[in-house]
Amino acid sequence: MPDLSRRRFLKITASALAAAGVAGKLGGAVVDRVEKVARSGIRKIPTLCDLCFWKCGAIAYVRDGQLWKIEGNPADPLSRGRLCPRGTGGVGAHYDPDRLRAPLIRVSQRGEEKWQEVTWDEALDYIAQRMQRIKAEHGPESMALFAHGIGGNFFRHTFKAYGSPNIAAPSFAQCRGPRDVGFNLTFGDEVGSPERTDIANADCLVLIGTHLGENMHNTQVQEFATAVGRGASIIVVDPRFSVAASKAKYYLPIKPGTDLALLLAWMHVIVKEGLYDRDYVAKYGFGFEQFAAALETATPEWAFPETGIDPETIRATAREMARYRPATLVHPGRHVNWYGNDAQRSRAVALLNALLGSWGRRGGMYVPVGFDVPGYPHPPYPKPGRGPVDNPGKKYPFASEALTTGIRDATLTGQPYPIKGWFVYATNLLNSLPDQAATIRALQQLDLVVVVDVIPSEIAGWADVVLPESVYLERYDDLSTNLFREPFLGLRQPVVESPQDQKPNWWIARRLAGKLGLEAFFPWKDIEEYLEYRLKAAGHSLAEIKREGIIPGAPKPIYFEDGAPAEFGTPSGKIEFYSTQLQKAGFDPVPRYTPPEAGPPGAFRLLFGRAPVHSFSRTQTNPILADLMSENAVWVNAVAARRLGLKSGDYVRLRHQDGVISNRVRVKATERIRPDCVYMVHGFGHTSRGLRRAYLKGASDAQMMSRYRTDPLMGGTGMNVNFVTLESEA
Ligand code: SF4
């Protein structure tokens, strides 16, 4: 196995960069080297990155049959030829020595991480027999699928063919769900992924709780750099002085949990001072008078004691936004499950954008466009005998996707009907759902737990059967058909072979379907036949997309002013400043602020976020990325740290208000955070012994999320409601 130490990786990257960028300056030696490399049989294969969900176009270099390096694909509108630090380190995913190698069946208690290796047929027969038993005894609805990302498409297909409606992903109730609901209630459409943010053309960018650059969404970060370079006015609202804050004209260190008060006060100023886009509001708006009346008391003076932001700064920033409208973009964020009022807070962000006239406008939020690619024909799915289990009685009336925690609740209570099996694809539920203890109790009650993953994650430790998936560099996935500012198709294709007995998701899903008697739903013989059919139906071919990795489409208008359709899928067909849907369902038709609950005296509110080199559990065991950042730190205000006798580099443990104690974690004492909260990067402190490089490195924020507050509109789990104290580690 190639030596992939960080030093060697950096050496390779530096050589490649030198060869690509400065050959002219260095003269003949580098050119000779490049020519020598070219003669040595390097193949360049376009594919899509999978180190996060963004699906950037990449080009993998294979030298003498071995994966060498990965760069951005210049033909791809998302990466534009440049990968983020995670994506560049993707080589480590292939060479990771901690990868799952063969199918495993458990030989001990669940959670003890003891299995024996079996063949694929043995593993899939085991699963199929138990799934058929669950179907016979409880109905197919009693099997639930948790699946994340494009790789989950074929498992979703198998589960629909099997007859289960219970298919969920944490990306809704634990991530972007409140935003999608808040924007849908306002504009009748969602923000999408990639988000429809025209950052590159924004003259004013407002980031409220969004640490762009640390949460590395490649395209947005590139556009952010463009906007900063153009001199765009940046306003950052965050209890922590983020990297983005360092580029800001205005930094507002808000008291955690009070964003809605600030948003209402901003809108109060913009309405009261007549700074909003009157023509836009008159043409597209519904219920503006009631909306304006509801803002009457939300003055900056009212918001000051709530938010800690002085009235003059609130007024100045509101006027700054209005000055640049409609090219003022209030970023909708992505991970927005914070305090349990998140759909209404996101609706307030949507309303502020509406006041500024930015939805559908250059420098605001464009109208995304895409390709129409037909699916591969298959028999109709059977109609499930019972509806989804996750949201009985539509308790959360605006939940537009299944709730992971709702499926967990049904597993625990047997209501409205029992869930007996979990099939988990590419999502480490123990790190993504709040209240780990509840997840473990649910896992212990199941008749069948199956996990498909590339590494032995914590959730794999609780599985009866673990199926090793090929990493993204070794497999095809379904076509990528993103909506974006220009239409394009993307293809993930294999670059190298899997080193052991790993298989791609499509193969596993198809083979399992065969064993369940559902082969009619997979009438194609392999993925290439499937992809060829879909591409031909769209007027293209597999050979074409394999060559470039991307198929661009003809540009279409994406701004209202250029002819993009100004259509709003709301009941009124307009932008709903006043929501009749919310009013009829008994909720506030215009968002209303309630203060967050205070924590115990002396405790810090625990906040969490992202770092540029990590996204999922699988990035933390990646040898290159783990070497770049092997553990997290807990950010503590410097004055608070001094009071506690702590300094940077000291180790502490976090003690949760409910008594949970974290793994040890280093202190980062800094002026860059308010004294009432602490902050950690998400995803560290792994407890799976198979993740040797990540095992007990840093502290797990997920372990500390034993409390959450459920959003009454859509069932999202607000997780910034946990408080901790710090205990010195000798
Ligand atoms: S943002 Fe980074 S990790 Fe995510 S797909 Fe793009 S290059 Fe890969």
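All of these numbers come straight from a predicted model, not from anything done at the bench.

Things to note about the overall build of the protein
Move 1: In terms of helices and strands, the protein carries 26 helices and 26 strands.
Move 2: A compact globule built from 730 residues should have a C-alpha radius of gyration of about 27 Å, and the protein, at 26 Å, falls within 12% of that.
Move 3: Based on the C-alpha atoms only, the size of the protein along its principal axes is roughly 70 × 70 × 65 Å.
Move 4: Within the span of the protein, comprising 730 residues, buried residues form 61% of the whole.
Move 5: Taking all contacts inside the protein whose residues are at least 6 apart in sequence as the whole, residues at least 24 apart take part in 74%.
Move 6: Of the roughly 27,100 Å² that the protein leaves accessible, carbon and sulfur atoms contribute 51%.
Move 7: Of the charged side chains in the protein, 88 are positive and 77 negative; the average position of the first set lies 3 Å away from that of the second.

Quick notes on the environment of Ile 550
Move 1: With respect to the helices and strands, Ile 550 occurs in strand β17 (residues 550-552).
Move 2: Using a relative accessible area of 5% as the deciding quantity, one classes Ile 550 as buried.
Move 3: The sequence separation of Ile 550 and Leu 489 amounts to 61 residues, and the corresponding C-alpha distance is 5.5 Å.
Move 4: Beyond its immediate sequence surroundings of up to four residues, Ile 550 is in contact with Leu 48, Asn 73, Ala 75, Asp 76, Pro 77, Phe 488, Leu 489, Gly 490 and Ile 545.

Brief notes about the packing of helix α10 (residues 259-272) against helix α15 (residues 342-355)
Move 1: Here α10 crosses α15 at 20°, and the two axes come no closer than 10 Å. The pairing of α10 with α15 is recorded here as roughly parallel in orientation. In the crossing of α10 with α15, the sense of the turn from one axis to the other is left-handed. Residues Asp 259, Leu 260, Leu 263, Trp 266, Met 267, Ile 270 and Val 271 of α10 form the contact with α15, whose own contacting residues are Gln 344, Arg 345, Ala 348, Val 349, Leu 351, Leu 352 and Leu 355.
Move 2: Taken together, the residues of the contact of α10 with α15 break down into 11 nonpolar, 1 polar and 2 charged.

As for the confidence of the model for the protein
Move 1: Averaged over every residue, the pLDDT of the protein is 94; the share at 70 or more is 95%.
Move 2: Below a pLDDT of 50 lies the segment residues 1-36, which in the model reaches 24 contacts outside its immediate sequence neighbourhood of four places, other chains included.

Each value, and the rule that gives it
- Residues numbered from 1 in each chain as written.
- Predicted model: local features only at pLDDT ≥ 70, side-chain atom pairs only at ≥ 80, totals over all residues.
- Heavy atoms only, no water.
- Helix = DSSP H or I, 4+ residues; strand = E, 2+ residues; numbered from the N terminus.
- Rg over C-alpha atoms; globule rule 2.2 N^0.38 Å.
- Buried < 20%, exposed > 50% of the residue type's maximum accessible area, 1.4 Å probe, protein only.
- Contact = heavy atoms within 4.5 Å.
- Areas by Shrake-Rupley, 256 points an atom, 1.4 Å probe, with all protein chains shown as cover.
- Lys, Arg positive; Asp, Glu negative; His and termini not counted.
- Charge placed at Lys NZ, Arg CZ, Asp CG, Glu CD.
- Axes fitted to C-alpha atoms, helices over the stretch in contact; angles between N-to-C directions.
- Parallel < 35°, antiparallel > 145°, perpendicular 65-115°, else oblique.
- Left-handed = near helix turned anticlockwise from the far one by under 90°.
- Nonpolar A, V, L, I, M, F, W, Y, C, P; charged D, E, K, R; others polar.
- pLDDT = per-residue confidence, 0-100.

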